[in-house]
Protein chains: 2
Amino acid sequence: MSRRPPDISADSPEGPALSEGSTRGLRSSLHDRGQRLTPQRERMLALFHHLGEGRHLSAEEAHQRLRGQGEQVSLATVYRTLRLLSGMGLLKELELAEGGRRFELAGGEHRHHHHLVCVRCGRIEEFENSAVLAAAESAATRHGFHLLEQGVLNLRALCPACAALQGSSLAPS
Amino acid sequence: MSRRPPDISADSPEGPALSEGSTRGLRSSLHDRGQRLTPQRERMLALFHHLGEGRHLSAEEAHQRLRGQGEQVSLATVYRTLRLLSGMGLLKELELAEGGRRFELAGGEHRHHHHLVCVRCGRIEEFENSAVLAAAESAATRHGFHLLEQGVLNLRALCPACAALQGSSLAPS
DNA sequence: GTCGTTGCAAAAGATTTGCAGTCAG
DNA sequence: CTGACTGCAAATCTTTTGCAACGAC
């Protein structure tokens with residue numbers, strides 16, 4: 001049932017958080033793993049840096065954007081790179097499901113923002129709350145689990161605008 | 001990019017929660033929508049009731065179980081029914097991603113359990129924590145959003161067994 | 001040069017859909 | 001009876017992979 005057999009050995013979720021921004025950190029981090037810094041990888045990360053924290057893309061979207069800006073990257077490589085960067089802790093995989101995974105820049109290790117997702121228009125608001133992190137840590141400890149990341153709490157909701165439309169029989173966007 | 005064009009018109013996220021348990025409620029709820037109660041639908045829901053609250057299945061698993069207990073249901077119908085029941089608010093779609101959606105009984109509105117997911121072996125532990133719900137409500141209020149469900153907090157972690165293997169160069173299961 | 005990476009095309013997995021036969025109401 | 005379901009098989013979509021060419025170091 002798993003669609004994700006081991007492949008890239010980059011899956012040490014414990015990797016030390018890279019100082020984002022510079023290519024230098026990425027290069028040496030890759031080298032430590034015996035891997036290489038290719039233009040594709042660099043551009044991919046740059047794309048997310050440009051996008052800014054808290055905004056996410058699907059594999060397909062990332063591919064489109066790269067091609068849009070003239071880069072030569074195959075979709076397969078996008079998938080491979082997304083996985084690699086996530087494994088390195090540079091990107092974070094969101095679990096909003098609804099047909100396709102999404103990725104965003106893994107911000108400073110100590111920011112932990114959660115999402116309020118409007119199921120109607122897709123608008124996303126973020127918020128932070130330390131109680132959530134505390135709850136996560138306490139649960140992990142209680143079950144003997146070792147937390148890899150602070151989980152992201154995704155709340156499905158209606159934003160003010162959509163909530164207003166809700167009663168009136170308007171078609172979803 | 002969406003893999004989910006409208007089909008079953010059962011997608012009113014605000015639908016009144018059906019009183020679970022009896023076939024009666026299901027039947028009339030379906031009738032209100034001009035739909036029918038078929039053995040497949042009934043058995044599907046029964047399966048989840050049997051399973052109990054807080055336990056989830058993928059479409060494939062649900063199909064296996066039904067067939068296992070001698071039911072004659074096609075996988076396509078399992079998918080269709082899962083969607084229908086979710087749309088009616090009887091089942092809840094979890095967003096654990098990692099290859100495949102999972103569904104569980106949409107239990108009493110006020111139970112809210114979260115997940116500790118082992119990224120290595122897939123083991124899932126559940127826990128509850130009211131602080132999380134409080135945080136969710138407070139955030140929704142602050143942003144003017146209208147919460148549809150209490151979000152589920154999915155924590156990516158390593159279970160005790162996998163954490164032990166982690167250092168030694170063992171291949172993932 | 002060597003060995004990790006890439007692109008491509010094919011494969012695999014998950015979910016949806018067209019259609020004709022079936023059955024709930 | 002009639003229109004809503006179902007099963008089946010084919011179609012889609014998303015993600016992964018085998019392999020030969022390529023390029024970072």
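Residues numbered from 1 in each chain as written. Chains lettered and ligands numbered in written order. Predicted model: local features only at pLDDT ≥ 70, side-chain atom pairs only at ≥ 80, totals over all residues. Heavy atoms only, no water.

**Looking at the overall build of chain A**
Here is step 1: Counting its secondary structure elements, chain A contains 6 helices and 7 strands.
Here is step 2: When contacts within chain A are restricted to residue pairs at least 6 apart in sequence, those whose partners lie at least 24 apart make up 55%.
Here is step 3: Only carbon and sulfur atoms are counted for the fraction: they give 49% of the accessible area of chain A, which is about 8900 Å². (Helix = DSSP H or I, 4+ residues; strand = E, 2+ residues; numbered from the N terminus. Contact = heavy atoms within 4.5 Å. Areas by Shrake-Rupley, 256 points an atom, 1.4 Å probe, with all protein chains shown as cover.)

**Quick notes on the sheet that holds strand 2 (residues 91-94) of chain A**
Residue and element names in this part refer to chain A.
Here is step 1: As summarised here, the arrangement of the 3 strands in space is 1-3-2, forming an open sheet in which the pairing is antiparallel. Whereas interior strands pair on both sides, the edge strands pair on one side only; in this sheet they are strand 1 (56-58) and strand 2. Across the sheet, the axes of successive neighbouring strands diverge by a mean angle of 35 degrees, strand direction being ignored.
Here is step 2: In this structure, strand 1 lies alongside strand 3 (residues 102-105), joined through 3 bridges in antiparallel fashion. (Pairing = 2+ DSSP bridges. Axes fitted to C-alpha atoms, helices over the stretch in contact; angles between N-to-C directions.)

**Some words on the environment of B:Tyr79**
Here is step 1: Here B:Tyr79 shows up in helix 4 (residues 75-87).
Here is step 2: Judged by its relative accessible area of 48%, B:Tyr79 is partly exposed. (Buried < 20%, exposed > 50% of the residue type's maximum accessible area, 1.4 Å probe, protein only.)

**A look at the sheet that holds strand 3 (residues 102-105) of chain B**
Residues and elements named next belong to chain B.
Here is step 1: The 3 strands lie next to each other as 1-3-2, forming an open sheet whose pairing is antiparallel. Two strands lie at the open edges of the sheet, namely strand 1 (56-58) and strand 2 (91-94), each paired on one side alone. Taken pair by pair, the neighbouring strands of this sheet meet at an average axis angle of 35 degrees, ignoring direction.

**Observations regarding the pairing of strand 2 of chain B**
All names here are of chain B.
Here is step 1: Of the two faces of strand 2, the one holding Leu91 and Glu93 and the one holding Lys92 and Leu94 are both buried throughout.
Here is step 2: Where strand 2 and strand 3 come together, 4 bridges link them in antiparallel fashion. Within strand 3, the position partnered with lysine 92 by the bridge is glutamate 104.

**Details of the side chain of A:Ser86**
Residues and elements named next belong to chain A.
Here is step 1: Among the secondary structure elements, serine 86 is positioned in helix 4 (residues 75-87).
Here is step 2: For serine 86, a relative accessible area of 17% translates into the label buried.
Here is step 3: A distance of 2.8 Å separates the side chain of serine 86 from the backbone oxygen of leucine 82, its partner in a polar contact.
Here is step 4: The residues contacting serine 86, other than those within four sequence positions of it, are Leu91 and Phe103. (Polar contact = N/O pair within 3.5 Å; in protein donor to acceptor, adjacent residues only side chain to side chain.)

**Quick word on the packing of helix 1 (residues 23-32) of chain A against helix 2 (residues 39-51) of chain A**
Residue and element names in this part refer to chain A.
Here is step 1: In the contact formed by helix 1 and helix 2, the axes pass within 11 Å of each other and the chain directions differ by 130 degrees. Here helix 2 runs oblique to helix 1, going by the angle between their axes. Note that helix 1 runs across helix 2; the crossing there is right-handed. Here Thr23, Leu26 and Leu30 of helix 1 lie close against helix 2, whose contacting residues are Arg41, Glu42 and Leu45. (Parallel < 35°, antiparallel > 145°, perpendicular 65-115°, else oblique. Left-handed = near helix turned anticlockwise from the far one by under 90°.)

**Let's talk about helix 1 (residues 23-32) of chain B**
Residues and elements named next belong to chain B.
Here is step 1: Among the residues of helix 1, those classed as buried are Gly25, Leu26, Ser29 and Leu30. Mapping the buried residues of helix 1 onto a view down its axis gives an arc of 125 degrees, with all of them on the same face. Exposed side of helix 1, more than 90 degrees from the buried face: Arg24 and Asp32 are the residues found there.
Here is step 2: Packing partners of the buried residues in helix 1 comprise helix 2 (39-51) and helix 4. (Arc of directions from axis to C-beta.)

**As for the environment of B:Phe127**
Residues and elements named next belong to chain B.
Here is step 1: Along the chain, phenylalanine 127 turns up in strand 5 (residues 124-128).
Here is step 2: A residue is classified by how much of its surface remains accessible, and phenylalanine 127, at 3% relative accessible area, is buried.
Here is step 3: Sequence-wise, phenylalanine 127 and histidine 114 are 13 residues apart; in three dimensions their C-alpha atoms are separated by 5.3 Å.

**Quick notes on the environment of A:His63**
Residues and elements named next belong to chain A.
Here is step 1: By the secondary structure assignment, histidine 63 is in helix 3 (residues 59-68).
Here is step 2: Note: C-alpha distance between histidine 63 and serine 74 (11 residues apart in sequence) is 7.4 Å.
Here is step 3: Ignoring anything within four residues of it in the chain, the contact list for histidine 63 reads Val73, Ser74, Leu75 and Val78.
Here is step 4: A distance of 2.9 Å separates a polar side-chain atom of histidine 63 from the backbone oxygen of valine 73.

**What about helix 2 of chain A?**
Residue and element names in this part refer to chain A.
Here is step 1: Taking 1.5 Å as the rise per residue, helix 2 with 13 residues should run 18 Å; its terminal C-alpha atoms sit 18 Å apart, in good agreement.
Here is step 2: Looking only at helix 2, the buried set comprises Met44, Leu45, Leu47, Phe48 and Leu51. Taken down its axis, helix 2 places every buried residue within 145 degrees of arc, on the same side.
Here is step 3: At its buried positions, helix 2 is contacted by helix 1, strand 1, helix 3, helix 4, strand 2 and strand 3. (Expected span 1.5 Å × (residues − 1).)

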